[in-house]
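Here is what each chain is made of, one letter per residue.
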Amino acid sequence: MQTYLLSQQFNARSLAENSTACPANATICSGTSCVLLEDNFNETLSIILSTVLTIMLALVMFSMGCNVEPKKFWGHIKRPWGILVGFLCQFGIMPLTAFLLSLVFNVLPVQAVVVLIMGCCPGGTASNIIAYWVDGDMDLSISMTTCSTLLAMGMMPLCLFVYTKVWTDSNAIVLPYDSIGISLVALVIPVSFGIYVNHRWPSKAKIILKIGSIVGAILIVLIAVVGGILYKGSWIISPKLWIIGTIFPAAGYSLGFFLARIAGLSWHRCRTVSLETGMQNTQLCSTVVQLSFTPEQLELMFTFPLIYSIFQLLFALLILGGYRVYRRHRVKTKTDVEKTEQKEDSKSTSSHAKINGGFVSNETK
């Protein structure tokens with residue numbers, strides 16, 4: 001009898017501890033790992049913020065379009081060497097890298113699948129904003145984002161069919177073609193208006209572009225913050241996924257840059273291809289995951305798109321900072337060299353004038 005009472009007390013204490021570690025309204029609960037059921041406030045907040053972010057994103061893409069020249073944009077479409085290199089990076093390098101990382105770290109099958117879904121997603125619109133700040137080829141950047149989003153309707157199922165057979169049935173993965181279509185429309189229409197404005201009113205387009213680039217930088221930070229607020233999934237997941245989430249975007253940036261350089265693209269286009277390769281559409285990945293898997297499976301993979309999003313943004317900011325430092329140093333060095341050359345020319349002219357009894361013009365003083 002005493003043993004039974006002690007057992008009951010232990011069970012009650014365990015339930016009390018679990019109730020404090022994990023809220024009662026959690027849809028998934030394993031120790032301290034919880035995915036919370038969305039309450040009314042969270043649902044309302046999600047709708048409001050999604051509407052605001054969609055409008056902001058449309059305005060940013062409109063401003064990015066103001067930097068696109070129709071002739072150059074059409075030139076990329078007619079001679080799509082840069083777009084083909086980007087296509088190879090987006091749907092060749094990224095899925096293969098995801099596959100190899102999953103094998104090397106020997107993650108669970110369901111975790112390998114979420115890594116592969118991320119690798120098969122098209123490029124994100126944030127790459128256009130960062131490409132502008134690193135003096136990339138905006139015409140190429142926008143055309144690559146548009147084409148990868150359009151081609152994702154066929155390439156995502158194909159890549160997932162090829163790579164996920166090792167771990168799971170690819171038919172179990174639901175692809176939200178409506179979300180891909182909405183992303184495509186939200187990208188193409190504002191950019192088209194921006195191109196038109198740049199063609200008709202170039203001076204006004206420059207002002208819109210400057211404002212839009214600042215709003216875009218704010219938008220990137222805002223999306224990261226909103227992701228942390230709305231998705232209350234536990235961050236206590238497998239360390240392997242944290243490591244993959246760190247390596248994966250860095251590998252995408254690096255491999256995209258080197259492949260573009262090997263293909264003979266110019267430096268500013270290499271930077272563009274690099275950003276388009278490493279920056280994935282993480283919102284699309286989250287949608288695919290939530291539509292395709294059970295709550296028990298989501299516990300093991302729910303937060304990987306957020307982890308990837310954090311590190312892809314972090315590495316993009318490091319690339320931006322490094323480029324800005326390099327650019328400032330290069331401009332400063334060029335200025336110093338030009339001043340030194342001018343002084344040397346001035347001295348040689350003055351001495352030559354003294355020797356020959358001539359005069360020194362005001363331009364050389």
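Rules used in this analysis
Residues numbered from 1 in each chain as written. Predicted model: local features only at pLDDT ≥ 70, side-chain atom pairs only at ≥ 80, totals over all residues. Heavy atoms only, no water. UniProt positions renumbered as here; feature names shortened; annotations may be inferred. Helix = DSSP H or I, 4+ residues; strand = E, 2+ residues; numbered from the N terminus. Buried < 20%, exposed > 50% of the residue type's maximum accessible area, 1.4 Å probe, protein only. Contact = heavy atoms within 4.5 Å. Areas by Shrake-Rupley, 256 points an atom, 1.4 Å probe, with all protein chains shown as cover. Salt bridge = Lys/Arg side-chain N within 4 Å of Asp/Glu carboxyl O. Patch = residues over 30% accessible without salt bridge, like charges linked within 9 Å, V, L, I, M, F, W, Y side chains within 5 Å. Core = buried A, V, L, I, M, F, W, Y, C linked by side-chain atoms within 4.5 Å. Disulfide = S-S within 2.5 Å. Expected span 1.5 Å × (residues − 1). Polar contact = N/O pair within 3.5 Å; in protein donor to acceptor, adjacent residues only side chain to side chain. pLDDT = per-residue confidence, 0-100.

An unreviewed UniProt entry lists the protein chain under the name Ileal sodium/bile acid cotransporter, with Herpetotheres cachinnans as the source organism. If you open the UniProt record of the protein chain and go to Sequence similarities (unreviewed entry), you find "Belongs to the bile acid:sodium symporter (BASS) (TC 2.A.28) family." Annotation of the protein chain in UniProt includes, under Subunit (unreviewed entry), the sentence "Monomer and homodimer."

Enquirer: Can you walk me through the overall build of the protein chain in this structure?
Expert: For the protein chain, the count of helices and strands is 14 helices and two strands. Burial status across the protein chain gives 42% buried among its 365 residues. Excluding contacts between residues fewer than 6 apart, the proportion of contacts in the protein chain whose partners are at least 24 apart in sequence is 82%. Put simply, the protein chain shows about 19,800 Å² of open surface, and 66% of that area lies on carbon and sulfur atoms.

Enquirer: Quick question: what am I supposed to make of the pattern of salt bridges here?
Expert: Any two side chains of opposite charge can pair, given that their charged atoms come close. The tally for this structure, following the rule as stated, stands at two salt bridges. Between Asp-135 and Arg-327 there is a salt bridge, with the nearest N and O atoms lying 3.1 Å from each other. On the criterion of sequence distance, the pair formed by Asp-135 in the loop between helix 6 (126-133) and helix 7 (138-163) and Arg-327 in helix 14 (residues 304-356) is long-range, its members being 192 residues apart. For Arg-327, a relative accessible area of 31% corresponds to the partly exposed category.

Enquirer: Explain the UniProt feature "transmembrane region" (unreviewed entry) in the protein chain to me, please; I cannot follow it from the model alone.
Expert: In the UniProt entry, the feature "transmembrane region" (unreviewed entry) is given for residues 45-63, 83-105, 112-134, 140-163, 175-195, 207-229, 241-263 and 306-326. Segment residues 83-105 splits into 100% helix and 0% strand. End C-alpha atoms: 32 Å apart. Taken end to end, residues 306-326 is 100% helix and 0% strand, and its two terminal C-alpha atoms sit 30 Å from one another.

Enquirer: Where do I start with a nonpolar patch on the surface in this structure?
Expert: Among the surface-exposed residues, Leu-96, Leu-100, Leu-103 and Val-166 lie close enough to one another that they form a single nonpolar patch of about 340 Å² accessible area. Mapped onto the elements of the fold, Leu-103 is located in helix 4 (residues 81-105).

Enquirer: What's the story with unusual backbone geometry in this structure? I'm lost.
Expert: Working note: non-glycine residues mostly have negative phi, and peptide bonds are mostly trans. Residues other than glycine seldom take positive phi values, yet Asn-106 does so here, at roughly 50 degrees. Considering the arrangement of structural elements, one finds Asn-106 in the loop between helix 4 and helix 5 (109-120). Overall, the relative accessible area of 57% leaves Asn-106 in the exposed class. Even without being glycine, Asp-135 reaches a positive phi, approximately 60 degrees. Taking the relative accessible area as the measure of exposure, Asp-135 reaches 30% and is therefore partly exposed.

Enquirer: So what exactly am I meant to see when it comes to the nonpolar core here?
Expert: Ranked by size, the top nonpolar core spans 37 residues in total, and within it Val-115, Ile-117, Phe-248, Val-289, Phe-293 and Phe-304 carry the most contacts. Breaking this core down by element, the ones donating at least two residues are helix 4, helix 5, helix 7, helix 10 (239-262), helix 12 (282-292), helix 13 (295-301) and helix 14. If one sorts the elements of this core by residue count, helix 5 sits on top with nine residues. Within the second largest apolar cluster, 22 residues are counted, among which are Met-56, Ile-129, Met-138 and Leu-187.

Enquirer: For this particular structure, what's the right way to read the environment of Ile-310?
Expert: Considering the arrangement of structural elements, one finds Ile-310 in helix 14. Remark: the alpha-carbon pair of Ile-310 and Thr-246, spanning 64 residues in sequence, is separated by 8.9 Å.

Enquirer: How should I be thinking about the state of the cysteines in this particular structure?
Expert: Formally, a disulfide is one covalent bond, and it connects the sulfur atom of one cysteine to the sulfur atom of another. Summed over all chains, the structure comprises zero disulfides. Of the cysteine sulfurs around Cys-120, a residue in no disulfide, the closest is that of Cys-159, at 4.6 Å. We note that Cys-121 lacks a disulfide partner, and the nearest cysteine sulfur, in Cys-285, lies 4.7 Å from it. The exposure class of Cys-121 is buried, given its relative accessible area of 0%.

Enquirer: Is there a simple way to think about the environment of Gly-65 in this case?
Expert: With respect to the helices, strands and loops of the structure, Gly-65 is situated in helix 2 (residues 40-65). The exposure class of Gly-65 is buried, given its relative accessible area of 0%. Counting along the chain gives 122 residues from Gly-65 to Leu-187, while the straight-line C-alpha distance between them is 9.8 Å. With residues up to four places along the chain from it excluded, the contact list for Gly-65 reads Ile-142, Val-191, Gly-194, Ile-195 and Asn-198.

Enquirer: What exactly am I supposed to notice about helix 5 here?
Expert: An α-helix turns once per 3.6 residues; consequently, residues spaced three or four apart project the same way. With 12 residues, helix 5 should cover 16 Å at 1.5 Å per step; its first-to-last C-alpha distance of 16 Å lies within 8% of that length. Burial analysis of helix 5 places 11 of its 12 residues in the buried class, which makes it a mostly covered element. What helix 5 keeps buried is the set Val-110, Gln-111, Ala-112, Val-113, Val-114, Val-115, Leu-116, Ile-117, Met-118, Gly-119 and Cys-120.

Enquirer: Is there a simple way to think about the side chain of Ser-148 in this case?
Expert: Examined against the element boundaries, Ser-148 turns out to sit in helix 7. With relative accessibility at 6%, the residue Ser-148 sits in the buried group. A distance of 3.1 Å separates a polar side-chain atom of Ser-148 from the backbone oxygen of Thr-145. Apart from residues lying up to four places away in sequence, Ser-148 is in contact with Gln-90, Phe-91, Pro-122 and Gly-123.

Enquirer: Quick question: what am I supposed to make of the confidence of the model for the protein chain here?
Expert: Note that predicted coordinates carrying low pLDDT should not be read in detail. Across the protein chain, the average pLDDT comes to 74, with 68% of residues at 70 or higher. Low pLDDT, under 50, characterises residues 25-39; the predicted model gives this stretch 39 contacts beyond four residues in sequence or across chains. This model gives residues 348-365 a pLDDT under 50, and the stretch forms seven contacts once residues within four places in sequence are excluded.

Enquirer: What am I meant to see in the environment of Gly-181 here?
Expert: As for its placement among the helices and strands, Gly-181 is situated in helix 8 (residues 177-200). Look at Gly-181 and you get buried, because its relative accessible area is 19%. As for Gly-181 and Ala-152, which are separated by 29 residues in sequence, their C-alpha atoms are 9.9 Å apart.

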